[in-house]
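Architecture and fold: a report
Here is how the chains run, residue by residue.
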Amino acid sequence: MMRKKSVSASKASLVLFLCQMISALEVPLDSKLLEELSQPPTITQQSPKDYIVDPRENIVIQCEAKGKPPPSFSWTRNGTHFDIDKDAQVTMKPNSGTLVINIMNGGKAEAYEGVYQCTARNERGAAISNNIVIRPSRSPLWTKEKLEPNQVREGDSLVLHCRPPVGLPPPIIFWMDNAFQRLPQSERVSQGLNGDLYFSNVQPEDTREDYICYARFNHTQTIQQKQPISVKVFSTKPVTERQPVLLTPTGSTSTKVELRGNVLLLECIAAGLPTPVIRWIKEGGELPANRTFFENFKKTLKIIDVSEADSGNYKCIARNILGSAHHVISVTVKAAPYWITAPRNLVLSPGEDGTLICRANGNPKPNISWLANGVPIAIAPEDPSRKVDGDTIIFSHVQERSSAVYQCNASNEYGYLLANAFVNVLAEPPRILTSANKLYQVISDSPALLDCAYFGSPKPEIEWFKGVKGSILRGNEYIFHDNGTLEIPVAQKDSTGTYTCVARNELGKIQNEVQLEVKDPTMIIKQPEYKVVQRYGQVSFECIIKHDSTLLPTVIWLKDNDELPDDERFLVGKDNLTIMNVTDRDDGTYTCIVNTTLDSVSASAVLTVVAAPPTPAIIYARPNPPFDLELTGQLERSVELSWIPGDENNSPITNFVIEYEDGLHEPGVWHYQTEVPGTQTTVQLKLSPYVNYSFRVIAVNEIGRSQPSEPSEQYLTKSASPDENPSNVQGIGSEPDNLVITWESLKGFQSNGPGLQYKVSWRQKDVDDEWTSVIVANVSKYIVSGTPTFVPYEIKVQALNDLGYAPEPSEVIGHSGEDLPMVAPGNVQVHVVNSTLAKVHWDPVPLKTVRGHLQGYKVYYWKVQSLSRRSRRHVEKKILTFRGNKTFGMLPGLEPYSSYKLNVRVVNGKGEGPASPDKVFKTPEGVPSSPSFLKITNPTLDSLTLEWGSPTHPNGVLTSYILKFQPINNTHELGPLVEIRIPANESSLILKNLNYSTRYKFYFNAQTSVGSGSQITEEAVTIMDEVQPLYPRIRNVTTAAAETYANISWEYEGPDHANFYVEYGVAGSKEDWKKEIVNGSRSFFVLKGLTPGTAYKVRVGAEGLSGFRSSEDVFETGPAMASRQVDIATQGWFIGLMCAVALLILILLIVCFIRRNKGGKYPVKEKEDAHADPEIQPMKEDDGTFGEYSDAEDHKPLKKGSRTPSDRTVKKEDSDDSLVDYGEGVNGQFNEDGSFIGQYSGKKEKEPAEGNESSEAPSPVNAMNSFV
């Protein structure tokens, strides 16, 4: 019986299928045969039964079939013939049954809904497709509904209903918020299979107004959104705990029907507090292993690929600490029809018998019906050879007219199956498909299989003969297979020869010859043997083979069944493997494998490495030089060099290095020639013509290199024409009208003979010109003059000597010299992206006008003026280069609210082209920088005066200032924050109704229409109800900054012997403050090592005073200067002078205080009595302050680096300094005669005040700043 084959429909065309009948024919998969045999149609491709289409796109209903002759196609729609020629929107693809319904050009998908069926027909029968139901997908909108807010008590359950629109196919449901973020789900909150959102119990955090259900219709790629649902959770104390209650499904039992092979999904969601835990069981059985999964926090039971055995009762149990609830779901598994035995194609010879069997199962049992060529078999044309017996058709004594396509339909209430199977009756003479004179080669004593693939109908008989006139082969020494193959179980040398296969049936006979060659087996006649070797020794394994002379063997060595290590110590020879300098890692099994195209043999041996016996100390040294060098076999281009190695000095020689000297061109200079392994003492050397060679050999071991051997005898090779041409040939113009051709000259013996010269040739590319050539001496450059500007040239340079030319050189492309571009880029456009970034576009210049290699484009841009200040400044042009043929670029780092100009230029290797016309653009407003300074002066019981400077970089039109402040208590905790908006034209503010004796922290920033800028901070304290010193207090921190250092000074009130420190850092940086300790109790310090042109923040603190610190001050170091001037403030003599002045002032004040305490009356008091001024009030008795005796117009020390404008004047009413500030440690001692201090405070005429105002006596650094 012939072996049956099963092939898929995707194989070669016209592949025929076999049925189960013994008498059926097998059709080999031979493409030529298949093209010649007739075959009924077979459906190879069709659209799915339930075909949902996109209503916006063309509908393609697939129907592909094969057959011989090629089938024709027709369609039915809703059971009647569908005439596609009458519908302009419908076309059928050529040589195909596939329909294309044109929806995109006016057709409506709804008009083509229905049931379609395709028929493929030729002269041997008709095959039909499944019923293809065409339905356009639908994604309807959500119905309008009024959603009432959900008011839910904490701990209660809640269900938010989704109720999505009914779509085709059904949508995918998910819940998100207004920000398109998926709502988090958990054991407490989860989405059910119906899309509703279930809360087992609500919590306060569930309150929100944007619970939104989304329905995604994948077929049309659309998403519909339900109106947001509002949930508000109100709390009641205490929250009542509840035992579980099932939210879905309801009741105690329910039923579920699922189809075989589908996924079974069962769901239980429970309410309760605490949140219930769900558990699933199957009553009377176990959940199926490997097919059971739990989803949605175990609320969903999922069983994949269900079968009838999965029917039964499934119970879900919801449990918490208060109790449990359960629900039983009765599951019934039904089944749509499925195949037990599908009908298979049947190929018969005339007069043969056969059967078609169609067996299917399902639940309920499916009904089996037959059709012939698409027509119910009961009304189909009669065929006397056919008999229907339920699910089987029996064919008896068929004829060619019996060929047809039969359809089996198995259906029940859940679906149907349709299968086409043809009966093809063929009458064909024998054919032999095996190639003629095919050669088979086998090894002696192995089986030989000689093929004779055949086909014929009726089935041919096969006979084998040996030799041209040999007798038919019979007997036990041969095996004859049903597929025609002849097997010789044990082939011998005398089996070699020609074998003839003969196939015959009643329609004819045919024969074919094949050749058999029997080869000698491959053998290892000397196998590797077990070896024991001492560490660092040498070992060899032999593997000598014998093989058939017509086969080419390959030898592979393995170590422990793996490749040999990649180590130069392993040397594989023709018949052996040698391991040099053996180590412990070389222990193992070594295998020699010999492969030919027909067989493979192997042999193994074990290597054991042992330690060497103790020996006297060995002296290792570099090897002695080789000697007795000899040249033999001298030829024009080669010679053989041999030598005798010197003593290796206890370290094996690993390799030999061969060097040569050219006595003709470079006498005395030795060059590397080659190197060979240390086991080799001869080498074949390649030579060059016209060289007077001498050779020497150097031995190498692990210790080092030997001295060179004595040179060999000299050998002068004959001259010859050059073998090669110069390399690295280039053509680059140095001027607009020339072409400079350069190359790398040949080296020494590369000339191959005397009289080395070069033939330089060039011609303009893409122009029908002849080559221009010139022969030059042994140089490496030639200049061609009078060339057009930047045109391509073909260039070649050929070497020659007295004996002839080198081979024809390859051509290279060069260019004549470049010139500056001629044209500026046009159509320059600027798109302002934001206040600091713009994008510039331009049109590329024509490549012909570039006149060189296009390097790119340069954009020159510069700031013309600031739109907020309307002041011009020195123009500093900036350049950005954009490589290549780009036509746009980004301009970063622009200043907001400014006017800019730019132009664009093209760049080649020569330089820049002309500039495009200047393009003006303006940047929009940005946020401002921080105010230049913030001062807080004139503290009173309930008010403070604030003064500030406008931002250094307003970056737009200032709209206002924002002041925020809050009190700070004694533990540095912050109080409530108060915010005040101040008009942009103001520069000072009096804050009233503050708390007395309270520290406040202020945050101040400016605003433009774009937003708020960075802020500046400051701290200040209102005074107490009596004139009491605020201990401790550090105030009036002033700075005088130079290029790399700054003088910091301050005033301190508090206990004696305080230890100060200075903290500083880069302004605006988040880095930690750097801390410097001040030696002694002095009130100034010099910060060194600062970066020029950098803004710094600084503050002063006192150790041991609860971490008390001053407010922050900001200063900026000067720009880096080429030469630095000497700062007087750092000179020792000046500091000493200032200290002396301060000491004299202190002594004078002490003398005055002593005189006043004696009760004397001074002229200043009389002056006040004589000229009474209603605005001048005596010292208040109740609070100890000096009223208006403080002089606001005193000229205060200048704070170097202050940002206060020079034209600002201090208003009289803005100064409320206490006169106590002018003394040290005597606060509260003057309760009547304040006029004395007023006289000596230095009252002057009104004059501008600069810097931070201060009523204290200046420190040495302050005095220096005022003086300067």
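Residues numbered from 1 in each chain as written. Predicted model: local features only at pLDDT ≥ 70, side-chain atom pairs only at ≥ 80, totals over all residues. Heavy atoms only, no water.

Digging into the overall build of the protein
- For the protein, the helix and strand inventory stands at six helices and 92 strands.
- In the protein, which comprises 1268 residues, the proportion classed as buried is 44%.
- If you take every contact in the protein between residues at least 6 apart in sequence, the share linking residues at least 24 apart comes to 66%.
- Total accessible area on the protein stands at roughly 65,800 Å², and carbon and sulfur atoms take up 50% of it. (Helix = DSSP H or I, 4+ residues; strand = E, 2+ residues; numbered from the N terminus. Buried < 20%, exposed > 50% of the residue type's maximum accessible area, 1.4 Å probe, protein only. Contact = heavy atoms within 4.5 Å. Areas by Shrake-Rupley, 256 points an atom, 1.4 Å probe, with all protein chains shown as cover.)

Digging into the pairing of strand β17 (residues 208-217)
- The element β17 is extensively covered by neighbouring structure, given that seven of its ten residues are classed as buried.
- With two bridges joining them, β17 and strand β19 (residues 229-234) adopt antiparallel strand pairing. Bridge assignment links Tyr 211 to a residue of β19, and that residue is Ile 229.
- Pairing geometry for β17 and strand β18 (residues 222-225), over four bridges, is antiparallel. Within the sheet, the bridge partner assigned to Arg 216 lies in β18 and is Ile 223.
- Where β17 folds back onto β18 in an antiparallel hairpin, the turn is made up of four residues, including Gln 221, whose phi is positive at roughly 55 degrees. (Pairing = 2+ DSSP bridges.)

Concerning the sheet that holds strand β58 (residues 638-644)
- With antiparallel pairing, the three strands of this open sheet are ordered in space as β57-β58-β61. One side of each edge strand has no neighbouring strand; the edge strands of this open sheet are β57 (627-632) and β61 (682-686). Pairwise comparison of adjacent strand axes, ignoring direction, gives a mean angle of 25 degrees for this sheet.
- One ladder, built from five bridges, connects β58 with β61; its direction is antiparallel. Residue pairing across strands places Val 639 opposite Leu 685, the latter belonging to β61. (Axes fitted to C-alpha atoms, helices over the stretch in contact; angles between N-to-C directions.)

Thoughts on the nonpolar core
- With 30 residues, the main nonpolar core has Ile 59, Ile 61, Trp 75, Ile 101, Tyr 116 and Ile 134 as its most contacted residues.
- Going through the elements one at a time, β2 (50-53), β3 (59-61), β4 (63-68), β5 (72-77), β8 (99-101), β9 (114-122) and β11 (132-136) are the ones with two or more residues in this core.
- A total of three residues in this core trace back to one element, the largest contributor, which is β9.
- In this view, Ile 134 contacts Tyr 51, Val 53, Ile 59, Ile 61, Tyr 112, Glu 113, Gly 114 and Tyr 116; residues no more than four positions away in its chain are not counted. (Core = buried A, V, L, I, M, F, W, Y, C linked by side-chain atoms within 4.5 Å.)

Concerning the state of the cysteines
- Here the structure, examined in full by the defined rule, presents six disulfides.
- The disulfide partner of Cys 63 is Cys 118, and the S-S distance across this bridge is 2.0 Å. For the disulfide bridge between Cys 63 and Cys 118, the dihedral angle about the S-S bond is near -70 degrees, and by the sign convention the bridge is left-handed. You can see Cys 63 sitting in strand β4 and its partner Cys 118 sitting in strand β9, a full 55 residues away along the chain. (Disulfide = S-S within 2.5 Å.)

Quick word on the pattern of salt bridges
- The full count for this structure, using the stated rule, is 39 salt bridges.
- Residues Glu 113 and Arg 138 are paired through a salt bridge, measuring 2.9 Å at the closest nitrogen-oxygen approach. With Glu 113 in the loop between β8 and β9 and Arg 138 in the loop between β11 and β12 (150-153), the pair connects residues that are 25 residues apart, well separated along the chain.
- The class of Arg 138 is partly exposed, set by a relative accessible area of 37%.
- One salt-bridge network, in which partners are shared between bridges, spans Arg 153, Asp 156 and Arg 242. (Salt bridge = Lys/Arg side-chain N within 4 Å of Asp/Glu carboxyl O.)

Some words on the packing of aromatic side chains
- According to the stated counting rule, one finds 23 aromatic pairs in the structure shown.
- When the centroid spacing of 5.4 Å and the interplanar angle of 65 degrees are considered together, the rings of Phe 395 and Tyr 406 count as edge-to-face. On the criterion of sequence distance, the pair formed by Phe 395 in strand β35 (residues 392-395) and Tyr 406 in strand β36 (residues 404-412) is long-range, its members being eleven residues apart.
- Note on Tyr 406: relative accessible area 1%, which makes it buried.
- Relative to Phe 1004, the ring of Tyr 961 has its centre 5.3 Å away and its plane inclined at 15 degrees; by these criteria the two rings are stacked. (Phe/Tyr/Trp six-rings, centres within 6.5 Å; stacked < 30°, edge-to-face > 60°.)

Structural notes on the environment of Thr 44
- Relative to the helices and strands, Thr 44 resides in strand β1 (residues 39-46).
- The sequence separation of Thr 44 and Ala 65 amounts to 21 residues, and the corresponding C-alpha distance is 5.0 Å.
- The contacts of Thr 44, once residues within four sequence positions are left out, are Glu 64, Ala 65 and Lys 66.

Digging into unusual backbone geometry
- That bond from Leu 168 to Pro 169 is cis: its omega, -5 degrees, falls within 30 degrees of zero.
- With respect to the helices, strands and loops of the structure, Pro 169 is situated in the loop between β13 (158-160) and β14 (172-176).
- Omega for the peptide link from Leu 273 to Pro 274 comes to 5 degrees, which places this bond in the cis form.
- Summarising the element assignment, Pro 274 is placed in the loop between β23 (269-273) and β24 (277-282).
- One non-glycine residue, Tyr 690, lies in the positive phi region at around 60 degrees.
- With respect to the element layout, Tyr 690 can be found in the loop between β61 and β62 (692-700).

Focus: the side chain of Ser 960
- Among the structural elements, Ser 960 can be located in strand β81 (residues 960-968).
- Owing to a relative accessible area of 5%, Ser 960 belongs among the buried residues under this scheme.
- For Ser 960, the side chain forms a polar contact with the side chain of Arg 981, separated by 3.0 Å.
- Excluding its chain neighbours within four sequence positions, the residues that come into contact with Ser 960 are Arg 981, Ile 982, Pro 983, Ala 984, Ala 1006 and Gln 1007. (Polar contact = N/O pair within 3.5 Å; in protein donor to acceptor, adjacent residues only side chain to side chain.)

A closer look at the sheet that holds strand β79 (residues 931-937)
- Across the sheet, which stays open at both edges, the three strands sit in the order β79-β80-β83 with antiparallel pairing between neighbours. In this open sheet, the two strands that pair with only one neighbour each are β79 and β83 (988-991). With strand direction ignored, the average angle separating the axes of adjacent strands in the sheet is 20 degrees.
- Strand direction decides the pairing type here: strand β80 (residues 944-951) and β83, joined by four bridges, are antiparallel. Bridge pairing in β83 places Glu 947 opposite Ser 988.

Section: a nonpolar patch on the surface
- A surface patch of nonpolar side chains, about 610 Å² in accessible area, is lined by Leu 1143, Leu 1144, Leu 1146, Ile 1147, Ile 1150, Val 1151 and Ile 1154.
- As for its position among the elements, Leu 1146 is in helix α3 (residues 1132-1157). (Patch = residues over 30% accessible without salt bridge, like charges linked within 9 Å, V, L, I, M, F, W, Y side chains within 5 Å.)

A word on the environment of Asn 361
- Residue placement: Asn 361 occurs in strand β31 (residues 359-363).
- Distance from Asn 361 to Thr 341, taken between C-alpha atoms, is 9.6 Å for residues 20 residues apart in sequence.
- If we skip the residues at most four places from it in the chain, Asn 361 touches Ala 336, Pro 337, Tyr 338, Ile 340 and Pro 366.

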